[in-house]
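Reading the structure
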Amino acid sequence: MGTPDFAVPIVEAISKVHQVVLVVTQPDVYNYKKKEIVFNPVKKWAVENSIEVFQPEKIRLDYQKVLDTEADIIVTAAYGQIVSEEVLNHPRLKSINVHGSLLPKYRGGAPIQRSIINGDDKTGITIMYMAKKMDAGDILVQKELPILDSDNQDTVFHKLSILGSEMINQVIEKLDKGLINPVPQNEAEVTYAWNLSKEDEHIDFTKDARSVFNQIRGLNSNPTGYILFEGLNVKVYSSKVSTKTHHTEVGRIVGINKDSFDVSCANGTVISLLEIQLPSKKKMMVRDFLNGQGKKMLEIGKEIK
């Protein structure tokens, strides 16, 4: 049971050792721009590998197909819907989840993004039993992964999906042989990683430059952070913390460089913006922007909201 790219290496690893009898994933979406139905990454994989696919609108209400399918275990990885206890308890070995955080920290739908935005130096994969309460099941195994300054949301997603794919078959084998002692989560240490809101995407220069740097890379490349400049909603894909300081109010252009422009942040710190996207334009490096319309748009002292 899974939907995005994160889940594909995991189901692929399982299929090399076990028989995947059913893939459960989110419904198809219609791309109005291209005027076509779009399959999500897990469905694409299943179709390419001739595996039956089930796509209920709401699996809480429509799950008989799962109950009619004989299976030893259900593995979930970023499926995106709440699953009923009847489904979770259906297989012989019950249901397990591959989650992108070191539980009990960051239960919820955006653990990878939140860990980067919050400036954590590590994350990891937790494989645990699924429970009625969100991400609250007993832990079967965990492995840590460092978060580097060179990482963003995309790179950490990829690294964690590969780590999960390397862990999953050993967990299934040990469960089958009764060799794992599940460990209950410490409820006193629980934190939540709620799905991102539009407010979370607005880059906040009232924080220090390091926090802004973390916010930008934690949102790259989906949904991507944005600034408001000259009446335009401008997406920002990458940045770096500058060694410069300032003595002005936050959210002002304080420097224009060959490949970036500097914005004032809290505590006298400065962030250099490197890669942006204007409305209806392609993503571009700031050096290219400065060779075009950026020459006229960017001026020292201008406000960025």
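Residues numbered from 1 in each chain as written. Predicted model: local features only at pLDDT ≥ 70, side-chain atom pairs only at ≥ 80, totals over all residues. Heavy atoms only, no water.

1. Concerning the side chain of T3
Checked against the element boundaries, T3 lands in the segment before helix 1 (8–17). Residue classification places T3 among the buried positions, given a relative accessible area of 13%. Not counting the four nearest positions on each side in its chain, T3 is found in contact with T25, Q26, N40, P41, V42, A77, A78 and Y79. (Helix = DSSP H or I, 4+ residues; strand = E, 2+ residues; numbered from the N terminus. Buried < 20%, exposed > 50% of the residue type's maximum accessible area, 1.4 Å probe, protein only. Contact = heavy atoms within 4.5 Å.)

2. Some thoughts on empty space enclosed by the protein
Take a probe with the size of a water molecule and roll it over the atoms, and the empty space left behind shows itself. For the coordinates displayed, the defined rule picks out one cavity of 30 Å³ or more. Of the volumes computed, that of the largest cavity is approximately 30 Å³. Around the largest cavity, the lining residues are I227, F229, V234, F261, I276, L278, F289 and M297. (1 Å grid on protein atoms, 1.4 Å probe; cavity = no way out; pocket = protein on both sides within 12 Å on 5 of 7 lines; lining within 4 Å. Points joined across faces, edges and corners; volume = space filled by probe spheres on them.)

3. Let's talk about the sheet that holds strand 7 (residues 122–129)
The mixed open sheet is built from four strands, whose spatial order is 5-6-7-8. At either end of the open sheet lies a strand with only one pairing partner, and these are strand 5 (74–76) and strand 8 (139–146). Sheet twist, expressed as the average angle between the axes of neighbouring strands with direction ignored, equals 15°. The pairing of strand 5 with strand 6 (residues 95–99) spans three bridges and is classified as parallel. (Pairing = 2+ DSSP bridges. Axes fitted to C-alpha atoms, helices over the stretch in contact; angles between N-to-C directions.)

4. A few points about the packing of aromatic side chains
All chains considered together, the criterion is met by three aromatic pairs. Plain terms: the ring middles of Y30 and Y32 are 4.8 Å apart, the flat faces sit at 80° to each other, and that makes the pair edge-to-face. Residue classification places Y30 among the partly exposed residues on the basis of a relative accessible area of 40%. Relative accessible area serves as the criterion here: at 68%, Y32 is assigned to the exposed category. Geometrically, the ring pair formed by Y192 and W194 is stacked, given 4.9 Å between the ring centres and 5° between the ring planes. Seen from the ring of F39, K43 lies directly overhead, with NZ or CZ sitting 4.0 Å from the centre. Lying over the aromatic face of Y237, K283 brings its terminal NZ or CZ to 4.5 Å of the ring centre. (Phe/Tyr/Trp six-rings, centres within 6.5 Å; stacked < 30°, edge-to-face > 60°. Lys NZ or Arg CZ within 6 Å of the ring centre and 35° of its normal.)

5. Notes on the pairing of strand 11 (residues 253–256)
Looking down a regular strand, the side chains alternate between one sheet face and the other. Note: strand 11 against strand 12 (residues 261–264), three bridges, orientation antiparallel. Across the sheet, I253 pairs through a bridge with V263, a residue of strand 12. What sits between strand 11 and strand 12 in their antiparallel hairpin is a turn of four residues.

In short, geometric facts, not functional conclusions.
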